[in-house]
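Observations on the model geometry
Chain by chain, the residues:
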Amino acid sequence: MGFRKKNKSPPVLSHEFVIQNHADMVSCVAMIILLGLMFEVTAKFAIMFITVQYNVTQTSEDKPEPVNFYQYGPKDIATVFFYLLIAIILHALIQEYILDKINRRLHLSKTKHSKFNESGQLAAFYLFSFIWGCSILTAEEFVTNPTFLWDGYPHTHMAFQVKFFYICQIAYWFHALPELYFQKVRKEDIPRQLYYICLYIFHITGAYILNLHRLGLVLLVPHYLVELLFHASRLFYFSNENKQKGFTLWALLFVIARLLTLTLSVLTFGFGLSRTDNQGFSLADGNFNVLTVRMTCLSAICLTQAWMMWKFINFQLKKWREQSQIQASKKKAVSPKSKPTKKESSRGERSLNADADSISNISNSAEYPGQCLRDNCE
């Protein structure tokens, strides 16, 4: 991990060397890009990485002052790359100066240690994104006029905050891919994390390219709130296993968020966009309002939500089944009809301990579908 002091230095450019010093290496690359601003020859290339591109100035009769909007284009790849580097640096800072210090106090097992780090990083990201997303939505008309999701489509012009929000979202989820290597994620956890990382990239990038950034933002904000609650609850659970009330609230909000996502998606693709005057397909104009694209987007969202609910229901059923087995074992152990012998008593205690251990393992490693786009593990 970068920023760490190590007693024994591994061989230069070895896997362990790269893992331990990756944040320092990435910091050097980001610094080189920033230094490019100091020279006139390289400044125009450095600006492409650092600032948001494709500025469009418009004037209206209502506002005499010109208003700046932004579109998307190929240069956004460079901007995403730069903020991907920033995300890696921030990830290392949070890990080194916050999560590692807490881990030393809690003395968690290797499995819990890995999940604690995952929840800590995601909770920080979800909190920041939720607050940022809410601040953007308060300036929009969605609360008073839901038709703003499709009115005036294609929404090729974005405010600075909206475009920068999407750039940072895409950069963060792309940064999560190399972090699987940098954080030495266990092989059995890699497929699960790859699923939700790729789903996030697919959905967020799709909303950005198809000019559906309004719908994407509205769906991400409540989804991030639900995920924030889950990961915060899991952090409290690792610090004290008696603190499990947050999971009950999360389960309720998880179902509500899925229903809200389906409702808004059907309303937008099934009714709103299909009735607008601007129908057609044009890459130059950024218009993708045709039946094929609408049905593909709606199907992708519905399938994702159905898959998440299926995983969620299976997880809850498995958990309830195990809890009922524990309750049945406890009733047998305290039954007054017959006094158990010493051998039966010790055998019953061992059975109860085994059942309790199995529940603990499920709560620590069972998969569940969190986020508009992922599985989580409790």
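Values in this document were obtained by computation on a predicted structure and should not be read as measured data. (Residues numbered from 1 in each chain as written. Predicted model: local features only at pLDDT ≥ 70, side-chain atom pairs only at ≥ 80, totals over all residues. Heavy atoms only, no water.)

It is worth spelling out the overall build of the protein chain at this point. Broken down by element type, the protein chain carries ten helices and six strands. Accessible surface for the protein chain amounts to roughly 20800 Å². Of this, 65% is attributable to carbon and sulfur atoms. (Helix = DSSP H or I, 4+ residues; strand = E, 2+ residues; numbered from the N terminus. Areas by Shrake-Rupley, 256 points an atom, 1.4 Å probe, with all protein chains shown as cover.)

Our next topic: the environment of Ile-102. Summarising the element assignment, Ile-102 is placed in helix H3 (residues 76–106). Spatially, the C-alpha atom of Ile-102 lies 9.6 Å from that of Phe-116, the residues being 14 residues apart in sequence.

Structurally, Glu-179 can be placed in helix H5 (residues 160–182). When its relative accessible area of 4% is taken as the criterion, Glu-179 is described as buried. Ignoring any residue separated from it by four or fewer positions in sequence, one finds Glu-179 in contact with His-22, Ile-88, His-91 and Val-185. (Buried < 20%, exposed > 50% of the residue type's maximum accessible area, 1.4 Å probe, protein only. Contact = heavy atoms within 4.5 Å.)

This brings us to the packing of aromatic side chains. This model, assessed by the stated rule, comprises 30 aromatic pairs. The rings of Tyr-70, Tyr-72, Phe-82, Tyr-83, Phe-128, Trp-132, Phe-160, Phe-164, Phe-165, Tyr-166 and Tyr-208 are connected pair by pair, giving a single aromatic cluster. (Phe/Tyr/Trp six-rings, centres within 6.5 Å; stacked < 30°, edge-to-face > 60°.)

Here we take up the packing of helix H1 (residues 15–35) against H5. Following both chains from N to C, one finds H1 and H5 inclined at 125 degrees, their axes separated by 10 Å at the closest point. For the element pair H1 / H5, the angle class is oblique. Counted together, His-15, Val-18, Ile-19 and His-22 of H1 and Glu-179, Tyr-181 and Phe-182 of H5 form the full contact between these two elements. Looking at the contact of H1 with H5 residue by residue, the class counts come to four nonpolar, two polar and one charged. (Axes fitted to C-alpha atoms, helices over the stretch in contact; angles between N-to-C directions. Parallel < 35°, antiparallel > 145°, perpendicular 65-115°, else oblique. Nonpolar A, V, L, I, M, F, W, Y, C, P; charged D, E, K, R; others polar.)

Bringing the UniProt feature "transmembrane region" (unreviewed entry) in the protein chain into the picture now. Within the UniProt annotation, "transmembrane region" (unreviewed entry) is assigned to residues 29–57, 77–99, 120–139, 159–182, 194–211, 217–237, 249–271 and 291–310. For residues 120–139, the helix share is 95%, the strand share is 0%, and the end-to-end C-alpha distance is 30 Å. Between the end C-alpha atoms of residues 217–237 the distance is 30 Å, and the span holds 100% helix and 0% strand. (UniProt positions renumbered as here; feature names shortened; annotations may be inferred.)

Moving on: unusual backbone geometry. Pro-154 follows Tyr-153 through a cis peptide bond whose omega is 10 degrees. Positionally, Pro-154 belongs in the loop between helix H4 (110–138) and H5. For His-107, which is not glycine, the phi torsion reads 55 degrees and is therefore positive. Tracing the backbone through its elements, the reader meets His-107 in the loop between H3 and H4.

A few words now on a nonpolar patch on the surface. A contiguous nonpolar patch, built from Met-31, Leu-34, Leu-35, Leu-37, Met-38, Phe-39 and Ile-47 and spanning about 680 Å² of accessible area, is present on the exposed surface. Among the elements that take part in the nonpolar patch, H1 stands out by supplying three residues, more than any other. Relative to the helices and strands, Leu-34 is located in helix H1. In this structure Leu-34 comes out as partly exposed when scored by relative accessible area, which is 38%. (Patch = residues over 30% accessible without salt bridge, like charges linked within 9 Å, V, L, I, M, F, W, Y side chains within 5 Å. Salt bridge = Lys/Arg side-chain N within 4 Å of Asp/Glu carboxyl O.)

This part covers the packing of H3 against H5. Between two packed helices, what matters for the description is the angle formed by their axes and the separation of those axes. At their nearest, the axes of H3 and H5 sit 7 Å apart, and the two run at 55 degrees to each other. In terms of axis orientation, H3 runs oblique to H5. Of the two elements, H3 crosses H5, and the hand of that crossing is right-handed. Together, Asp-76, Thr-79, Val-80, Tyr-83, Leu-84, Ala-87, Ile-88 and His-91 of H3 and Lys-163, Phe-164, Ile-167, Ile-170, Ala-171, Tyr-172, Phe-174, His-175, Pro-178, Glu-179 and Phe-182 of H5 make up the contact between the two elements. Tallied by class, residues from the contact of H3 with H5 come to 13 nonpolar, three polar and three charged. (Left-handed = near helix turned anticlockwise from the far one by under 90°.)

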